[in-house]
Amino acid sequence: MKLQFSDKANQIKEGIFTVLDAKKNELLREGRTIYNLSVGTPDFRPMQHIMDAVAEAAKDPKNYKYALVELPELLTAMQGFYQRRFGVELEKDEIMALYGSQEGMSHIAWALCNPGDLVLVPNPGYQIFSIGPELCDAGVWAYPLLPENQFLPKLDEIPEDVARRAKFMVVSYPANPICKVAPESFYRELIAFAKKYEIMILHDNAYSDIVYGGRKGGSFLQYEGAKEVGIEFYSLSKSFNYTGARASFALGNREIIQKFRALRTQFDYGTFLPVQYGAIAALEGPFDGVEEQCRQYEERNRTLCGGLRRIGWNVPDSEGTMFVWAPLPEGYTNSEEFCVELMEKSGVICVPGSCFGSLGEGFVRMALVLPPEELEKAVESIARSGILQTEKVQN
Ligand SMILES: Cc1ncc(COP(=O)(O)O)c(C=O)c1O
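Read on for a plain summary of the structure. (Residues numbered from 1 in each chain as written. Predicted model: local features only at pLDDT ≥ 70, side-chain atom pairs only at ≥ 80, totals over all residues.)

**A word on the overall build of the protein**
(1) Moving on: Along the backbone of the protein there are 15 helices and twelve strands.
(2) Moving on: A compact globule built from 395 residues should have a C-alpha radius of gyration of about 21 Å, and the protein, at 21 Å, falls within 12% of that.
(3) Moving on: With the principal axes as the frame, the protein shows a C-alpha extent of 60 × 60 × 55 Å.
(4) Moving on: Sorting the 395 residues of the protein into buried and exposed places 48% on the buried side.
(5) Moving on: Sequence separation of 24 or more characterises 74% of the internal contacts of the protein that already satisfy a separation of 6 or more. (Helix = DSSP H or I, 4+ residues; strand = E, 2+ residues; numbered from the N terminus. Rg over C-alpha atoms; globule rule 2.2 N^0.38 Å. Buried ≥ 20, exposed ≤ 12 C-beta atoms within 10 Å, placed from the backbone. Contact = placed C-beta atoms within 7 Å.)

So this is what it looks like as structure tokens:
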């Protein structure tokens, strides 16, 4: 029988990650040392009190039924957390739990747009921002994030007809992959822009707890008028190393939350209750572990970026996130080819910038998922590999 799949399924490519993975396995078979900086999964442990809460709840057979909705205690915990952490007051019907921001981002377009609608997404940006709208046949207009504009969108340069047609706009700072934090003035401009053109804003705040240089990450919902125009996604994945548990929230505009909640009841029976109990423990527990982890990410960032600069690769320090966004060394123009060559010659694995959109070409992304001593070794391995010799010219 000839199996005929949908055009959408046929369009989805496995891409460079499969190539990198195959190459990595080849090098491991040869006994080579690998420094895997490609994946954005934290290597830090979840805090003990979070694991205890999950484990305790997992022993109770009652916790294996469909959860259907959030536990009231989880909503209360989230209200308290947003109040303490960001000074933001939320009603319970302004909060909903998701199986991670990735899931939320990929499905929310179904609640917000019709085929042919337009969605604004960042370029470079996290891939899922455009996949969600594309899956429901909405058009995507990628707004450029350029170094000369401090990687912020120039809202007044978005063409009038595009702004008028746009249904929603995805914004995310601290930003993966570009590692930048947005200034407060930007959020005020964004809200005014959203109101002027009636564009809903979705702010992905996955890295608000990983900001460097003594600054503290904020929330989009802190700004006046934010709840009127949009919602925020806050994930427990990176702040609390809860990645595999799949726990994140959509918060803010009540109407958006209610529409999305109604839609999700068609494909979701609620977050596994032990995961909800772990999330409560995370949100109500001490926060100093999260702050200490941020300091450790910052030390890793200094070690890697400083080390690379020392050996002749001019990589700027990140402002936040758990990544480094490195312009290709002199002589290279193709990020995929560079990543493969870097891996073969030094064992260091990173992600080609082109995976994050056309404006990601010319960069590579490295994840800060190894301790400083290992990052030092990765830097030494790059130095020894000879890949930074500036006379190398690539076609
Ligand atoms: C910008 C951004 N949003 C969302 C996610 C995914 O978060 P979650 O684990 O909650 O799905 C990631 C993960 O790398 C991310 O970088």
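Past the structure itself, the notes keep going.
**A few points about the environment of glutamate 330**
(1) Moving on: Relative to the helices and strands, glutamate 330 is located in the loop between β9 (323-327) and α14 (335-346).
(2) Moving on: Sequence separation of glutamate 330 and leucine 308 is 22 residues, and the distance between their C-alpha atoms is 13 Å.

**Quick notes on the sheet that holds strand β4 (residues 139-144)**
(1) Moving on: The mixed open sheet is built from seven strands, whose spatial order is β2-β8-β7-β6-β5-β3-β4. Each end of this open sheet is capped by a strand with a single partner; those strands are β2 (95-98) and β4. Looking at each pair of strands side by side, their axes are set apart by 25° on average, direction ignored.
(2) Moving on: In this structure, strand β3 (residues 118-123) lies alongside β4, joined through six bridges in parallel fashion. For proline 122, the partnering residue across the bridge sits in β4 and is tyrosine 143.
(3) Moving on: Relative to β3, helix α6 (residues 128-135) is tilted by about 160°, and along the sheet it contacts β3, β4 and β5 (166-171). (Pairing = 2+ DSSP bridges. Axes fitted to C-alpha atoms, helices over the stretch in contact; angles between N-to-C directions.)

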